[in-house]
Amino acid sequence: MDKWTSFVFILANVFLLTSGQNACQSSFLTTLNYCLGNRTVNTDNFLYLVRDGKLGKAADDPIAFLNKLCSVRESLTSCVRAGVDTVQLMPDTQCNSTQKASIVNLYKSFFKVVNKKCENPCRSVFKQGLTKCFTDQNFRLTDYLIFSPIAHRDYIVGTNKTEVQRFCDNRTIIMQCMRSVLLSCEDGPHLLDTYGLDLDALSETYTTLCNYTESKSTTSVTMELDD
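The structure displayed is predicted, hence computed values, not measured ones.

So, how was this worked out
- Residues numbered from 1 in each chain as written.
- Predicted model: local features only at pLDDT ≥ 70, side-chain atom pairs only at ≥ 80, totals over all residues.
- Heavy atoms only, no water.
- Core = buried A, V, L, I, M, F, W, Y, C linked by side-chain atoms within 4.5 Å.
- Buried < 20%, exposed > 50% of the residue type's maximum accessible area, 1.4 Å probe, protein only.
- Helix = DSSP H or I, 4+ residues; strand = E, 2+ residues; numbered from the N terminus.
- Disulfide = S-S within 2.5 Å.
- Contact = heavy atoms within 4.5 Å.
- pLDDT = per-residue confidence, 0-100.
- Axes fitted to C-alpha atoms, helices over the stretch in contact; angles between N-to-C directions.
- Parallel < 35°, antiparallel > 145°, perpendicular 65-115°, else oblique.
- Left-handed = near helix turned anticlockwise from the far one by under 90°.
- Nonpolar A, V, L, I, M, F, W, Y, C, P; charged D, E, K, R; others polar.
- Expected span 1.5 Å × (residues − 1).
- Bend = angle between axes of the 7 residues up to and from the residue.

Attention now goes to the nonpolar core. Counting 31 residues, the largest nonpolar core has Phe28, Phe46, Leu69, Leu76, Val80, Phe110 and Phe111 as the members making the most contacts within it. Those elements that provide at least two residues to this core are helix H2 (23-38), helix H3 (43-50), helix H4 (62-71), helix H5 (73-88) and helix H6 (97-118). It is H6 that provides the largest number of residues to this core, a total of eight residues. With 19 residues, the next largest nonpolar core counts Phe126, Phe167, Met175 and Cys185 among its residues.

This is the structure:
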């Protein structure tokens, strides 16, 4: 059995076929095989991964295989997606709506697994790490709202004079901690974007507000002494 025949036989099990492939499936299989082969991703290893070991064959070196797969994930996803789009354009006489939907669902199930496997482990604890930078200094993150929309960050350095002063005294430690969390996560910059956060801009904002607060406090003390 040659490689292509083996591939088709394995994928037939994915579709649970009993009487051959329809045009939708044939088109999708051709695209998937091309996209994997063009990126030197082993088909058997890919199917083993996305079908939870029920199809294909385990990679001899699972870590090396996953690293390879993740390095081409974006282009592979786009390539296979183009094949799915082609299927959707096929005439209903060749491929009915139910069959087209099954291809979309299969594509989604495959790449849901791929995306989960390739997701950097630090992503799940990144927000927790940033939060800890505040809680370690005994600040409640809810008072600083760094994960809220910018328009809602009304009390960015505290909710009262005492808290503002304490925060300003500790802001350097907090920012150093947040930068450390960022550097420890490869996907950190992307995650910050999803939160609408820019650490450099945030640091400048803290500095500006704290300097203003200190200046205002000094002016107030001077006025009291003059009186």
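Alright, that's what it looks like, and here's the rest.
Here Phe139 shows up in the loop between helix H7 (123-135) and helix H8 (161-183). Linking Phe139 and Asn170, residues 31 residues apart in sequence, is a C-alpha distance of 10.0 Å.

Further remarks concern unusual backbone geometry. Positive phi, close to 55°, is recorded for Asp52, a residue that is not glycine. Here Asp52 shows up in the loop between H3 and H4. Under the relative-accessibility criterion, Asp52 is labelled exposed at 62%. We note that Asn138 has phi near 65°; this positive angle belongs to a residue other than glycine. By the secondary structure assignment, Asn138 is in the loop between H7 and H8.

Counted under the stated rule, the structure contains six disulfides. Disulfide partner of Cys35: Cys79, at an S-S distance of 1.9 Å. On the S-S bond that ties Cys35 to Cys79, the torsion sits near -80°, and the link is left-handed. Of the two residues, Cys35 is situated in helix H2 and Cys79 in helix H5; the sequence distance between them amounts to 44 residues. A disulfide bridge connects Cys70 with Cys118, and the sulfur atoms are separated by 2.1 Å.

Within the secondary structure, Ala23 sits in helix H2. Classification of Ala23 as partly exposed rests on a relative accessible area of 28%. The spacing of Ala23 and Lys100 is 77 residues in sequence and 9.8 Å in space, taken between C-alpha atoms. If we ignore the near neighbours within four places in the chain, the residues touching Ala23 are Met90 and Gln94.

In this section: the confidence of the model for the protein. Scored by pLDDT, the protein has a mean of 79; 76% of the residues are at 70 or more. This model gives residues 149-154 a pLDDT under 50, and the stretch forms eight contacts once residues within four places in sequence are excluded. Note that pLDDT drops below 50 for residues 218-227; the model gives that stretch zero contacts with residues more than four away or on any other chain.

In contact at an axis separation of 9 Å, H2 and H5 are set at 160° when each is read in the N-to-C sense. By the angle between their directions, the pair H2 and H5 is classed as roughly antiparallel. In this structure, the crossing between H2 and H5 has a hand that is right-handed. Along the contact surface, H2 presents Cys24, Ser27, Phe28, Thr31, Leu32, Tyr34, Cys35 and Leu36, while H5 presents Leu76, Cys79, Val80, Gly83, Val84, Thr86 and Val87. Broken down by class, the residue content of the contact of H2 with H5 amounts to eleven nonpolar, four polar and no charged.

Let us look at H8. Compared with the 33 Å implied by 1.5 Å per residue over 23 residues, the 32 Å span of H8 between its first and last C-alpha is a close match. The sharpest bend along H8 reaches about 55° and sits at Asn170. The complete set of buried residues in H8 reads Glu163, Val164, Phe167, Cys168, Asn170, Arg171, Ile174, Met175, Met178 and Val181.

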